[in-house]
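Chain by chain, the residues run as shown.
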Amino acid sequence: MTPLDRLSLAHLWVSILAFGAAAAMAFMQALSRANLDLPWRSAKMYYLSVTAHGVLMALVFTTFFIMGFGYVVATRVLGRPVAAPRLAWTAFWTALAGTLGAAAAILSGRATVLYTFYPPLRAHPAFYIGAALLIVGSWLWAIALLATYRAWRRDHAGEPAPLAMHGMLATVIVWLLATVGVAAEVVLLLIPWSLGWTRTVDPILARMLFWYFGHPLVYFWLLPAYVIWYTVLPRAAGGKLFSDPLARLVFILFIVLSTPVGFHHQFMDPGVPAGWKLLHTFLTFGILFPSLVTAFTVTASLEVAGRMRGATGLLDWLGKLPWGDPLFSSVALSMILFAVGGFGGAINASFGMNAVVHNTAWIQGHFHLTVGSAVALTFMGACYWLVPRLSGRDLELKLLAKVQPYFWFLGMLCFSIANHLTGLMGMPRRIYDASYGGSAAASQWFGLTGLSAVGGLLLFTSAGFFMLVMIGTGLAGPKREPEAIEWAEPLQPVDPKPSLLDRFGLWTALAILLIAIAYAYPLWAHLQMPRFGSPGYSPF
Amino acid sequence: MTQGKPLDTEHPKGTLVLIGLYGLLLAAGWFAIYFLVYLRRGGVTP
Ligand code: HEM
Ligand SMILES: [Cu+2]
């Protein structure tokens, strides 16, 4: 194992362990929402657990995986060491320290504010400072990756970045643009308020800043998954990438469109003018387009693979794909779940219809298909692929690895379909007691909350299998010469001259312009209004 | 892996069928929720 592989692996391990802890909590939550009276069940425990689950899954598991994967791409695709290894390790320890601080605040019951930490819910300062450190760590990571890319460029003047690096650069740019919002929220509003330096906080301003960050956050999760879909999956399927330029275009569109859409999370908020919400609605429908292109290009790559394996009919290529390979099946099944999630997303994004699903269980059904499956299952599949190759150990418990993605798939279908339906019936998300104190209206959804709990059981089993495979591999996998980490080739050779799609500076400038159009006026107008601050609350 | 000439890969007809079908389902689902849930409950439209 080279020192750089150790760097990537360290990140993957933090990510995997965070996932394991969060999955155990999730199981308890799913049972609680089905009204199963567990001995330790209480509102306090439930919300503590949902906070820990949301933070560990959405912010820690994802971020550490992405950081580690970024280093894999930089070192293995560019074929050179990380330009600033000291900085990279500093990034790791900073992010880890932040995570541990925030986790301690949550687990000790002093930060039960859910992963969105909306004020006026107030947490212990350690929670906000920990979150800030996690972000600072990720910024240092971004600098290390950019420095590595620059060093590569010096030796390869005039060449376009290899596609996987192109995708990771887009990820870094989206992240840097996005985190400005949350950094402002945490540093300017929440930390001083939680320390008692300011008495009140403006919840609407905080929500604007949070969702300025919150939507591009989902693309920070998703773009590395797309990198895997475009540059790893076709090869795992035994084929080639259908189109390299289309993939480049997709990543560029995400740079431009990821951020100026945040009001689609605030359709129900007062204080944001309807016209601006509508602008964000249109931009949101714009950003569905690159995902549709991705669905097409990646599926076409799989069709190429099936045909290279001898398929000739309209759809028989599907049967020729390596469904027994855990990397392939994880990623392919994650894409199917994402397709279902796309349908729900189109409803969420519709300005009027959002009112039907807002803050209902539908939302939780939705994002477990997207971040909880498209992203999480892809990352799990990538761990089966990367951990043996980085650590030089053979994958242990291969049978469990083979069936694990299918358990996730089935579990998630039960969980998310049930939650979409109960959401339409009016069941809220973020409640620990689905019976509403025995109300009649609540009795109609009991069958479905049971189905959701069955889904939770399957998901928990799947997560358990994944953890067993990973820990078994890490501790006991037989040592051997690691296989190479290889990337998919495009069907047509890549044009050696960079095109407009490789001009990152230009597209970033365009993104900033669009952000200014979408946010400058609403923010300015908000600051002109009489504002009413709120003191902090902690219900538990 | 069988490394032949790029077979009939220029035109991914299976993919076009699948993605087309998906598009139709997506639109049908959207309209279903719009008419059968949103408007039926008295949605807010101008
Ligand atoms: C092990 C399988 C999983 C199960 C059984 C599960 C179950 C749940 C449940 C029951 C809730 C609480 C819903 C509520 O009260 O509103 C929840 C919330 C959440 N889950 Fe999961 N989940 C799983 C995996 C994941 C994954 C893989 C991710 C993302 C990577 C994720 C992200 C979240 C987030 C962000 C929340 C929201 C917390 C909040 O509303 O503040 N979950 N999950
Ligand atoms: Cu969003």
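Read on for a plain summary of the structure. (Residues numbered from 1 in each chain as written. Chains lettered and ligands numbered in written order. Predicted model: local features only at pLDDT ≥ 70, side-chain atom pairs only at ≥ 80, totals over all residues. Heavy atoms only, no water.)

Each helix and strand in chain A was counted, giving 16 helices and 0 strands. Computed over its C-alpha atoms, the radius of gyration of chain A comes to 23 Å, within 12% of the 24 Å expected for a compact globule of 540 residues. Taking the principal axes of the C-alpha coordinates as reference, chain A spans close to 60 × 50 × 45 Å. Within chain A, the proportion of its 540 residues that are buried is 62%. Of the contacts formed within chain A by residues at least 6 apart in sequence, a portion of 84% connects residues at least 24 apart. Accessible surface computed for chain A: about 19,600 Å², of which carbon and sulfur atoms make up 70%. In chain A, the 32 positive side-chain charges and the 20 negative ones have mean positions that sit 7 Å from each other. (Helix = DSSP H or I, 4+ residues; strand = E, 2+ residues; numbered from the N terminus. Rg over C-alpha atoms; globule rule 2.2 N^0.38 Å. Buried < 20%, exposed > 50% of the residue type's maximum accessible area, 1.4 Å probe, protein only. Contact = heavy atoms within 4.5 Å. Areas by Shrake-Rupley, 256 points an atom, 1.4 Å probe, with all protein chains shown as cover. Lys, Arg positive; Asp, Glu negative; His and termini not counted. Charge placed at Lys NZ, Arg CZ, Asp CG, Glu CD.)

Next up on the list: helix 3 (residues 85–107) of chain A. Residues and elements named next belong to chain A. When the terminal C-alpha atoms of helix 3 are compared, their 32 Å separation across 23 residues agrees well with the 33 Å that a helix rising 1.5 Å per residue should span. The set of residues buried in helix 3 consists of Ala88, Ala91, Phe92, Thr94, Ala95, Leu96, Gly98, Thr99, Ala102, Ala105 and Ile106. Check the buried side of helix 3 and you find it contacts helix 1 (3–33), helix 2 (43–77) and helix 4 (125–155). Two residues or fewer past helix 3, glycine 109 is found with a positive phi of approximately 80°. (Expected span 1.5 Å × (residues − 1).)

To continue, consider the coordination of the iron atom of ligand 1. All names here are of chain A. Here the iron atom of ligand 1 is held by the protein donor atoms His53 (NE2) and His368 (NE2), which lie 2.0 Å from it. Around the iron atom of ligand 1, the 6 donor atoms are arranged such that angles at the metal cover 86 to 179°; this shape is classified as octahedral. Remark: histidine 368 occurs in helix 12 (residues 361–391) and histidine 53 occurs in helix 2; sequence separation between them is 315 residues. (Donors = N, O, S within 2.8 Å, 3.2 Å for Na, K, Ca; no water. Tetrahedral: all angles 85-135°; square planar, octahedral: opposite > 155°, others 65-115°.)

Below, the discussion takes up the site of ligand 1. All names here are of chain A. Around ligand 1, 26 residues are found, and the nearest of them are Tyr46, His53, His368, Arg429 and Arg430. Between an oxygen atom of ligand 1 and a side-chain N or O atom of tyrosine 46, the distance comes to 2.5 Å. One of the backbone N or O atoms of arginine 430 is found 2.5 Å from an oxygen atom in ligand 1. Its residues assigned to classes, the shell around ligand 1 shows 17 nonpolar, 6 polar and 3 charged. (Near = heavy atom within 4 Å. Polar contact = N/O pair within 3.5 Å; in protein donor to acceptor, adjacent residues only side chain to side chain. Nonpolar A, V, L, I, M, F, W, Y, C, P; charged D, E, K, R; others polar.)

It is worth spelling out the layout of surface pockets at this point. Residues and elements named next belong to chain A. Estimated volume of the second largest pocket: approximately 490 Å³. What lines the second largest pocket is a set of 21 residues, and nearest its centre among them are Asp325, Leu327, Trp385, Arg389 and Glu483. Going through the elements one at a time, helix 7 (233–236), helix 10 (326–348), helix 12 and helix 13 (398–424) are the ones with two or more residues in the lining of the second largest pocket. Residue classes in the lining of the second largest pocket are distributed as 10 nonpolar, 1 polar and 10 charged. (1 Å grid on protein atoms, 1.4 Å probe; cavity = no way out; pocket = protein on both sides within 12 Å on 5 of 7 lines; lining within 4 Å. Points joined across faces, edges and corners; volume = space filled by probe spheres on them.)

Time to look at empty space enclosed by the protein. Left-over empty space is what a probe sized like a water molecule reveals as it rolls over the atoms. Residues and elements named next belong to chain A. This model, assessed by the stated rule, comprises 2 cavities of 30 Å³ or more. Within this model, the largest cavity holds a volume of roughly 120 Å³. Lining the largest cavity are 13 residues, and of these Leu59, Leu134, Ile135, Trp175 and Phe213 sit closest to its centre. Every element with two or more residues in the lining of the largest cavity is listed here: helix 2, helix 4, helix 5 (163–194) and helix 6 (203–231). The element contributing the most residues to the lining of the largest cavity is helix 6, with 4 residues. Per-class residue counts for the lining of the largest cavity are 12 nonpolar, 1 polar and no charged. Taken together, Arg33, Ala418, Asn419, Thr422, Met427, Leu448, Thr449 and Ser452 make up the lining of the second largest cavity. Contributions of two or more residues to the lining of the second largest cavity are made by helix 13 and helix 15 (446–476). Residues belonging to the lining of the second largest cavity are distributed by class as follows: 3 nonpolar, 4 polar and 1 charged.

Here we take up the packing of aromatic side chains. All names here are of chain A. The final tally for this structure, using the stated rule, is 47 aromatic pairs over all chains. With a centroid separation of 5.7 Å and 70° between ring planes, the pair formed by tyrosine 384 and phenylalanine 466 is classed as edge-to-face. Residue tyrosine 384 is found in helix 12, and its partner phenylalanine 466 is found in helix 15; the two are separated by 82 residues along the sequence. The buried category is assigned to tyrosine 384, whose relative accessible area is 4%. (Phe/Tyr/Trp six-rings, centres within 6.5 Å; stacked < 30°, edge-to-face > 60°.)

On to the side chain of serine 194 of chain A. Residue and element names in this part refer to chain A. With respect to the element layout, serine 194 can be found in helix 5. According to the relative accessible area criterion, serine 194 is buried, its value standing at 13%. Once residues within four sequence positions are removed from consideration, serine 194 is found in contact with Arg122, Ala123, Pro125 and Tyr128.

The next point concerns a nonpolar patch on the surface. Together, Leu314, Leu315 and Leu318 of chain A together with Val17 of chain B make up an exposed nonpolar region whose accessible area comes to about 270 Å². Turning to its location among the elements, leucine 314 of chain A is positioned in the loop between helix 9 (274–308) and helix 10. (Patch = residues over 30% accessible without salt bridge, like charges linked within 9 Å, V, L, I, M, F, W, Y side chains within 5 Å. Salt bridge = Lys/Arg side-chain N within 4 Å of Asp/Glu carboxyl O.)

This paragraph deals with the packing of helix 6 of chain A against helix 10 of chain A. All names here are of chain A. Where helix 6 meets helix 10, the axes come as close as 11 Å, and the angle between the chain directions of the two elements is 130°. If you check the angle between helix 6 and helix 10, you find them oblique. Crossing handedness for the pair helix 6 and helix 10: left-handed. Within the contact between the two elements, helix 6 uses Leu222, Tyr226, Ile228 and Trp229 and helix 10 uses Val331, Ser334, Met335 and Phe338. (Axes fitted to C-alpha atoms, helices over the stretch in contact; angles between N-to-C directions. Parallel < 35°, antiparallel > 145°, perpendicular 65-115°, else oblique. Left-handed = near helix turned anticlockwise from the far one by under 90°.)

All names here are of chain A. Membership of the largest hydrophobic core comes to 164 residues, with the highest contact counts inside it found for Phe69, Phe127, Trp141, Tyr226 and Trp487. Here the element with the most residues in this core is helix 6; it accounts for 20 residues. The contacts of phenylalanine 69, once residues within four sequence positions are left out, are Met168, Pro224, Val227, Ile228, Trp385, Leu386 and Trp487. (Core = buried A, V, L, I, M, F, W, Y, C linked by side-chain atoms within 4.5 Å.)

All names here are of chain A. Distances from the copper ion (ligand 2) to its protein donors, namely His215 (ND1), His264 (NE2) and His265 (NE2), fall within the range 1.8 to 2.0 Å. All donors of the copper ion (ligand 2) belong to a single chain; written as a sequence motif, their spacing is H-x48-H-H. Note that histidine 215 is positioned in helix 6 and histidine 265 in the loop between helix 8 (244–257) and helix 9, a separation of 50 residues in sequence.

All names here are of chain A. Running from N to C, helix 5 and helix 8 point in directions that differ by 5°, and their axes come no closer than 9 Å. With respect to their mutual orientation, helix 5 and helix 8 come out roughly parallel. Counting all contacts with helix 5, which are made through Leu163, His166, Gly167, Ala170, Ile173, Val174 and Leu177, the residues of helix 8 involved are Asp244, Ala247, Arg248, Phe251, Ile252, Phe254 and Ile255. Here the contact of helix 5 with helix 8 is composed, by residue class, of 10 nonpolar, 2 polar and 2 charged.

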